[in-house]
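# Observations on the three-dimensional arrangement
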Amino acid sequence: MLLAMDGLLKQAQLERRAIGSFNVYNGETIRGAVQAAGKTKLPMIISFGAGYLRNMDLEEVVYLVHRLTAGEGQFVLHLDHCRDLEVIRHAIEAGFTSVMYDGSALAYEENVAHTKEVCAMAKAAGVSVEAELGSLALGAHSAEGELGDALAYTDSQRAASFAEETGVTALAVSIGTVHGLYQGTPKIRVDLLQQIRSLVDTPLVLHGGSGTPKEQLKACIQNGITKINVNTEISETVMAKTLEALEDDPHLHFSRLSLLQAEWTAEVIEGYQQFFWDQKTL
């Protein structure tokens, strides 16, 4: 069953736990995400980045997710990191149940104006909206962000006014994580998260879950993060295992490799999904 994100995040917020949002790029990774959800029996956000439209079009993603979930389980189909309002409109029309407008590179006023426009079109279709304030630095092996992206921490006062002005479903904040893999020791500003949480009732999102130490993820969940994105670790793991499999058997049939890639995707996702959910601190 495909759902909007609102209800799932509000419940997670009440229970002080998090729901995982996992990026997919093709049929194999979509299949793996659905397999992981089937094993854990937990709700899942399947996230397709706007940057992957060279791999699949939006209608293909919607069709395949519908086909594989077959009406079972609780799934959100989310368009991730999109800066193009027409692509967002297309995603809503195609059947995505959640969209992210990424105006983090814009001036505050422009980010607010565009986000409000997205919220208006999404609300009319019963679709959730995530936005971002502040920006993440670009780590290693990331397919998100742009070269030169620098860390800009989220301002807690502006986060409060942004959430109130736009009425977004969820707000992604920048507290020290990176897009991709860390090139040094992660230093997550839990103190800043606490400040933001004290001023903002909107569910908060942490991008850059890959490689973040579990103790720091746990602290983020306990202090108000209700959605955590994982992307790079999925692609890195599947690619590494693919190379290993082909080294062991250069004639490995593609159909077998496709099944294995789905299994490897599921393995990464299962661990994160269960960990996020188990942090309930009622």
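My aim in this report is to walk through the structure given alongside it, one point at a time. (Residues numbered from 1 in each chain as written. Predicted model: local features only at pLDDT ≥ 70, side-chain atom pairs only at ≥ 80, totals over all residues. Heavy atoms only, no water.)

To continue, consider the sheet that holds strand β2 (residues 44-49). The 8 strands lie next to each other as β1-β2-β3-β4-β5-β7-β9-β10, forming a closed barrel whose pairing is parallel. Put simply, the sheet's adjacent strands are angled 30° from each other on average, direction ignored. Inspection of the sheet shows strand β1 (residues 19-24) paired to β2 by 4 bridges, in the parallel sense. Paired with Phe22 across the strands is Ile46, a residue of β2. Set on the sheet, helix α1 (residues 6-15) makes contact with β1, β2, β3 (75-82), β5 (128-133), β7 (170-173) and β10 (225-230); between it and β10 the angle comes to about 120°. Packing against the sheet, helix α6 (residues 156-166) makes contact with β5 and β7, and its axis sits at approximately 155° to β5. (Pairing = 2+ DSSP bridges. Helix = DSSP H or I, 4+ residues; strand = E, 2+ residues; numbered from the N terminus. Axes fitted to C-alpha atoms, helices over the stretch in contact; angles between N-to-C directions. Contact = heavy atoms within 4.5 Å.)

Attention now moves to helix α2 (residues 27-40). Compared with an ideal rise of 1.5 Å per residue, which puts 14 residues at 20 Å, α2 spans 20 Å between its outermost C-alpha atoms and is within 8% of the ideal. Where α2 is concerned, the buried positions are Glu28, Thr29, Ile30, Gly32, Ala33, Val34, Ala36, Ala37 and Thr40. Buried-residue contacts for α2 involve β1, β2, α3 (58-69), β3 and α10 (254-277). One side-chain oxygen at the N-terminal end of α2 lies 3.3 Å from the backbone nitrogen of Glu28; it belongs to Asn26. Once α2 ends, the next one or two residues include Lys41, with phi positive near 60°. (Expected span 1.5 Å × (residues − 1). Buried < 20%, exposed > 50% of the residue type's maximum accessible area, 1.4 Å probe, protein only. Polar contact = N/O pair within 3.5 Å; in protein donor to acceptor, adjacent residues only side chain to side chain.)

On to the packing of helix α4 (residues 85-94) against helix α5 (residues 108-124). Interaxial distance between α4 and α5 falls to 10 Å at its minimum, and their mutual angle equals 15°. When the interaxial angle is binned, α4 and α5 end up roughly parallel. Here α4 runs over α5; the crossing is right-handed. Only Glu117, Val118, Met121 and Ala122 of α5 make contact with α4, whose side of the interface consists of Leu85, Ile88, Arg89 and Ile92. Classifying every residue of the contact of α4 with α5 gives 6 nonpolar, no polar and 2 charged. (Parallel < 35°, antiparallel > 145°, perpendicular 65-115°, else oblique. Left-handed = near helix turned anticlockwise from the far one by under 90°. Nonpolar A, V, L, I, M, F, W, Y, C, P; charged D, E, K, R; others polar.)

To continue, consider the side chain of Ser156. For Ser156, the location among the structural elements is in helix α6. On the accessibility criterion, Ser156 (12% relative accessible area) is buried.

Before going further, it helps to examine α4. Since the α-helix turns once every 3.6 residues, residues separated by three or four places project in the same direction. All of the buried residues along α4 are Leu85, Val87, Ile88, Ala91, Ile92 and Ala94. Residues of α4 that are buried make contact with α3, β3, β4 (98-101) and α5. Two to three positions downstream of the cap, the backbone nitrogen of Glu86 sits 2.8 Å from a side-chain oxygen, assigning the N-cap of α4 to Asp84. Phi turns positive one or two residues past the end of α4, at Gly95, with a value near 120°.

This part covers a negative patch on the surface. Residues Glu244, Glu247, Asp248 and Asp249 make up a contiguous surface patch of negative charge. In this structure, Glu244 sits in helix α9 (residues 232-248). Exposure remark for Glu244: the relative accessible area of 46% places this residue in the partly exposed category. (Patch = residues over 30% accessible without salt bridge, like charges linked within 9 Å, V, L, I, M, F, W, Y side chains within 5 Å. Areas by Shrake-Rupley, 256 points an atom, 1.4 Å probe, with all protein chains shown as cover. Salt bridge = Lys/Arg side-chain N within 4 Å of Asp/Glu carboxyl O. Lys, Arg positive; Asp, Glu negative; His and termini not counted. Charge placed at Lys NZ, Arg CZ, Asp CG, Glu CD.)

Okay, the packing of aromatic side chains next. The full count for this structure, using the stated rule, is 6 aromatic pairs. Taking 6.2 Å as the distance between ring centres and 65° as the angle between the ring planes, the aromatic pair formed by Tyr108 and Phe162 counts as edge-to-face. Of this pair, Tyr108 sits in helix α5 while Phe162 is found in helix α6, placing the two residues 54 residues apart along the sequence. Neither residue differs from the other here; Tyr108 and Phe162 are each classed as buried. On the numbers, 5.7 Å between centres and 45° between planes, the contact of Tyr272 with Phe276 is tilted. Separated by 4 residues within a single helix, Tyr272 and Phe276 lie in helix α10, roughly one turn from each other. Assigned by exposure class, Tyr272 and Phe276 land together as buried. Taken together, Phe22, Tyr272, Phe275 and Phe276 form an aromatic cluster joined through their ring pairs. Stacked on the ring of Trp277, the Lys or Arg Arg17 has its end atom at 3.9 Å from the ring centre. A cation over an aromatic ring shows up here: Arg189 above the ring of Tyr153, its NZ or CZ 5.1 Å from the ring centre. (Phe/Tyr/Trp six-rings, centres within 6.5 Å; stacked < 30°, edge-to-face > 60°. Lys NZ or Arg CZ within 6 Å of the ring centre and 35° of its normal.)

Before going further, it helps to spend a moment on the layout of surface pockets. Counted as a void, the second largest pocket has a volume near 190 Å³. Listing elements by their share of the lining of the second largest pocket, those giving two or more residues are α2 and α3. Among the elements that take part in the lining of the second largest pocket, α2 stands out by supplying 3 residues, more than any other. For the lining of the second largest pocket, the class distribution of residues is 6 nonpolar, 4 polar and 2 charged. (1 Å grid on protein atoms, 1.4 Å probe; cavity = no way out; pocket = protein on both sides within 12 Å on 5 of 7 lines; lining within 4 Å. Points joined across faces, edges and corners; volume = space filled by probe spheres on them.)

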